[in-house]
Structure formats: C-alpha cells, structure tokens
Amino acid sequence: MTTVVSGAVRLTGRGRKRFEGGHPWIFADDLSAAEAPAGATVAIEDPRGAIVGYGLFSSQSKIRVRVFSRGEQPPAPEHWSGRVARALAARRELGLLEPDGACRLIAGDADGVPGMVVDHYAGVCVLQSGFQGADAIRDELVEALHAQLAPRAIVERSDSAVRKLEGLERRVEVLRGALAGEVEVREDSLRYEVDVLGGHKTGHYLDQRDNRRRAARAVRGGEFLDAFCYDGLFAVRAALAGARHVVCLDQAEAALERARRNAERNGVLARLSFERVDVMRELRGREDFVRRFEVVVVDPPAFAKNKGELVGAERGYRELNARALSLVRDGGLLVSASCSYAMSPQMFVHTLGAAANQAQRDVFLEALCGAAPDHPHLLTLPESNYLKCAFLRVRD
C-alpha cells in the first residue's frame, strides 16, 4: 500500500532547477500546471511529465507545494508516523525529551513535516498548523504522537495570522486528554509556567533556551535589563545566576504578570522590577538607565516578515541597539536578538556595527548564536536559520 495521491503538479524549467537544488518549497510561478484539492498529497512532475517527488498542495499560498518525498516511488502509508519517530529520536539524542522539560518536537519543514510545529511542555504536546497540507495530515500526526509518546494531553494552537492567507479558520482546542490551567516546566534549576491555550505561538519561545543560559553566565552581580521580556526567563535566569537587580520591560500586562509569577516561583521576586511600557520609546527616553547595566538583553518581535520590510527593519534595529548600547556599563554585555529571517546574519551584524558607531561605543562581537538545536537548520531550507542572537562586549 502507498499514500493516497489526489492530484499532480508540473514543474516549469525554473521550478525543476529549484526542486533539484533541494529546497522543499515550490512556488506558484514554478508550476506550469496544477490540479489538486486543497491540502492534497500530489505527485510532482518534471516538465516532461515524469514523477520526481511528492508534496502537500495549497490552493491559495504562494508556496503552492511543500515537498516531503523525492523520487518516483510514492511514500508508504506509515510515512508520517516515521517522520514523528525520526523527530522524537533526534530530541532524545539531544537529551531534551524530559518528562517535566520542554522542547520543540517537530520543526515543520526542517523536520520533513511541512507547515506543522509541535512543542512539548512537561507531558503536553501543542500542535500549530499554518498550511492546508498540515491540516490534512494533522490527525495522522496526533495518532503517531499518542502512540509513540503517550502525552497526557495534545492541544491544537492553530490560531496564527498566516492561516487567513491559507483560507483556514483559526482553531484552539484540546484534541486528546485533559488540561487544567497552565503547565509548569523545568529547565535546569529554572521553573516556569506556560499558557498553552493563550500564550504567544504555542505558549512559549523555546528557541532562546541556550542563549538564556549564556546571558546568565555573563552576570557578575551587577544590574540586568530584560527588554521585551515576555515571560521574563532571561531575567529570572539572570537573578538565579546572581544579578543584584533585574529590570523587566514589556508592553503586555499579561506577559509581565507571568514574569512576576515565574520570578516568585524561583524565589527571586525581590530582585526583579516590572514596567509596562512601549519599550522602543522607553529606551530612548530613560536617562536614569544610561551606563547602568552590566547586561542588557533586547529580544524584540520580528521587525521584518519579508524582504520588502528590510529597509524599515534595518533602521529599527539600528536605533534600538544604539540606545541599548548606551545603557551598558563599560565592560558589560549587550545581548541582541533578531528573529526576522529576511535579515541575514551578515546584515544583522552590519546593522549592529552601525548602531555601535551611532552610540559612539567600542563594541566587540563575542559570539553570534542561533536557535537551540531542537530548532534544526536544514541546509537546503535557509528559512529555517532565522534566529540571530549576538553577544556584544562593550569596552570604552
């Protein structure tokens, strides 16, 4: 038996070159013909009609097909179960699949599961689909997760804005098991809560886990600023590592309240302060912050979601980091992150250099890090290498 194939698409000459280059996305302009229902598994044909692979079809996205199998032979019916098994094995090898821990189990196309993200929080799996084809295979993935991992609950958080572009409704529901309130997760000695039904993304940002550890190691007992703090985990880790005082800034009261609870849960609430502010505006106007902090972290939302927004994003990152650099003490550290894929690592470093020049500080790049290893970078999918986190030493 094989997977049911419900349609076919034919590549143009340019589309064939892209396909042969290994990239798993086929755009509408790369097809000369397409006949398939939304979300269907389709055969991918070269310009002469020979089958060269299989993918999941979208009737509305610019990414018309996401490739999941190459070659003439159709994938076996247990294909998706096998992809889940491969992803779980990789996380176990990394030592990340702990009963009370958290990690990304499936990183979408980078794990060969197009358009689907699955995160694990202390026995709760949270799925997020952003693509018609991912919706079509959801139930198979749920069955595979239930059989191979036996989580106490499986939740769907398919409520991102991208679903509107796919013609899909937003969905938030518990698919398996039961869930009561927020989930507590352990990360080393740190404990934190995750709102899997109402928090950002699937409830938390797991990609910064290793960068939080590195930032905390830089603390030597001074003051620490966590700008765009969300749930405060850079801040709480810093306090646990010995920071004397930590300032948390965010514009969302719900995020700050969660940060307070995380600080209290870890016994460091007395050393943290919380301010609900427009962070960009606040960093421009707070003279009492100047040259005050041993470590400053700026981890803003994406400034550029596509290449057309790069000019404005570059200006925004430059202004943000110039102001942040003015807040760092001599010998201190700026930890600056960008999750805008459209801004390359080279462009980000160049922008940080412009910010250093604007701030008139001598700044040295100690490290340029990426996402934690459970967010794999598939070499033929450069879009999977989206997170940049620069560790910048300031010396006057």
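Note that the coordinates shown come from a computational prediction; the quantities given were computed from them, not determined experimentally. (Residues numbered from 1 in each chain as written. Predicted model: local features only at pLDDT ≥ 70, side-chain atom pairs only at ≥ 80, totals over all residues. Heavy atoms only, no water.)

Let us look at the nonpolar core. Membership of the largest hydrophobic core comes to 42 residues, with the highest contact counts inside it found for Y121, F224, V246 and L272. Among the elements that make up this core, the one with the highest residue count is helix α6 (residues 233–240) (six residues). In contact with L272, not counting residues within four places along its chain, are A235, V236, A239, H245, V246, C248 and A263. Core analysis: the next-biggest nonpolar cluster, separate from the first, contains 33 residues, V279, Y317, M343 and F348 among them. (Core = buried A, V, L, I, M, F, W, Y, C linked by side-chain atoms within 4.5 Å. Buried < 20%, exposed > 50% of the residue type's maximum accessible area, 1.4 Å probe, protein only. Helix = DSSP H or I, 4+ residues; strand = E, 2+ residues; numbered from the N terminus. Contact = heavy atoms within 4.5 Å.)

A word on unusual backbone geometry. With a phi angle near 60°, F228 is a residue other than glycine that sits in the positive phi range. Tracing the backbone through its elements, the reader meets F228 in the loop between β14 (223–227) and α6. In this structure, Y230 takes a positive phi of about 50° despite not being glycine. Topologically, Y230 is positioned in the loop between β14 and α6.

This part covers the environment of P47. As for its placement among the helices and strands, P47 is situated in the loop between β4 (41–45) and β5 (51–57). On the basis of relative accessible area, P47 is assigned to the partly exposed category, the value being 32%. In contact with P47, other than residues within four places in its own chain, are R10, L11, T12, G13 and R16.

Below, the discussion takes up the environment of A255. Position of A255 among the secondary structure elements: in helix α7 (residues 253–265). A255 sits 128 residues away from L127 along the chain, and the two C-alpha atoms are 21 Å apart. Other than its neighbours up to four places away in sequence, A255 contacts Y230, D231 and D250.

Our next topic: the packing of helix α2 (residues 79–93) against helix α3 (residues 132–149). For the pair α2 and α3, the least separation of the axes is 9 Å and the interaxial angle reads 50°. Considering the angle they form, α2 stands oblique to α3. Crossing handedness for the pair α2 and α3: right-handed. Between α2 and α3, the residues in contact are W80, S81, V84, A85, L88 and R92 and I137, E140, L141, A144, L145, Q148 and L149, respectively. A breakdown of the residues in the contact of α2 with α3 according to their chemical character gives nine nonpolar, two polar and two charged. (Axes fitted to C-alpha atoms, helices over the stretch in contact; angles between N-to-C directions. Parallel < 35°, antiparallel > 145°, perpendicular 65-115°, else oblique. Left-handed = near helix turned anticlockwise from the far one by under 90°. Nonpolar A, V, L, I, M, F, W, Y, C, P; charged D, E, K, R; others polar.)

Okay, the sheet that holds strand β8 (residues 116–121) next. Strand order in the open sheet made by the five strands is β7-β8-β9-β10-β11, with mixed pairing throughout. Two strands bound the open sheet, and with one partner strand each, they are β7 (102–107) and β11 (171–177). Each neighbouring strand pair of the sheet contributes to a mean axis angle of 20°, computed without reference to strand direction. Pairing between strand β9 (residues 124–129) and strand β10 (residues 153–158): four bridges, direction parallel. In the strand pairing of β10, V126 is matched with V155. (Pairing = 2+ DSSP bridges.)

Enumeration over the complete set of coordinates arrives at 40 salt bridges. Among the salt bridges present, the one from R176 reaches E143, with a minimum N-O distance of 2.3 Å. Note that R176 is positioned in strand β11 and E143 in helix α3, a separation of 33 residues in sequence. We classify R176 as partly exposed; its relative accessible area is 25%. Several salt bridges share partner residues, and in doing so they unite E182, E184, R191, E193, E253, E257, R260, R261 and R265 into one network. (Salt bridge = Lys/Arg side-chain N within 4 Å of Asp/Glu carboxyl O.)

In this section: the packing of helix α9 (residues 310–325) against helix α10 (residues 345–359). The contact between α9 and α10 brings their axes to 8 Å, and the two run at 45°. Classified by the angle between their axes, α9 and α10 sit oblique to one another. Between α9 and α10 lies a crossing of right-handed hand. Residues L310, E314, Y317, R318, E319, N321, A322 and L325 of α9 pack against M347, F348, H350, T351, L352, A354, A355, A356, Q358 and A359 of α10.

With that out of the way, let us pick up the pairing of strand β12 (residues 183–187). Residues V183, V185 and E187 of β12 are buried on one face, while the alternating residues E184 and R186, pointing to the opposite face, are not. Here β12 runs beside strand β13 (residues 190–194); their pairing, made up of five bridges, is antiparallel. Residue pairing across strands places E187 opposite L190, the latter belonging to β13. From the end of β12 to the start of β13, which pair antiparallel, there are two residues, and D188 there has a positive phi angle of about 60°.

Locating R18 in the fold gives a position in helix α1 (residues 13–20). Overall, R18 belongs to the partly exposed group, its relative accessible area being 27%. The sequence separation of R18 and A218 amounts to 200 residues, and the corresponding C-alpha distance is 43 Å. Residues in contact with R18, not counting those within four places in the same chain, are H23, W25, F27 and D30.

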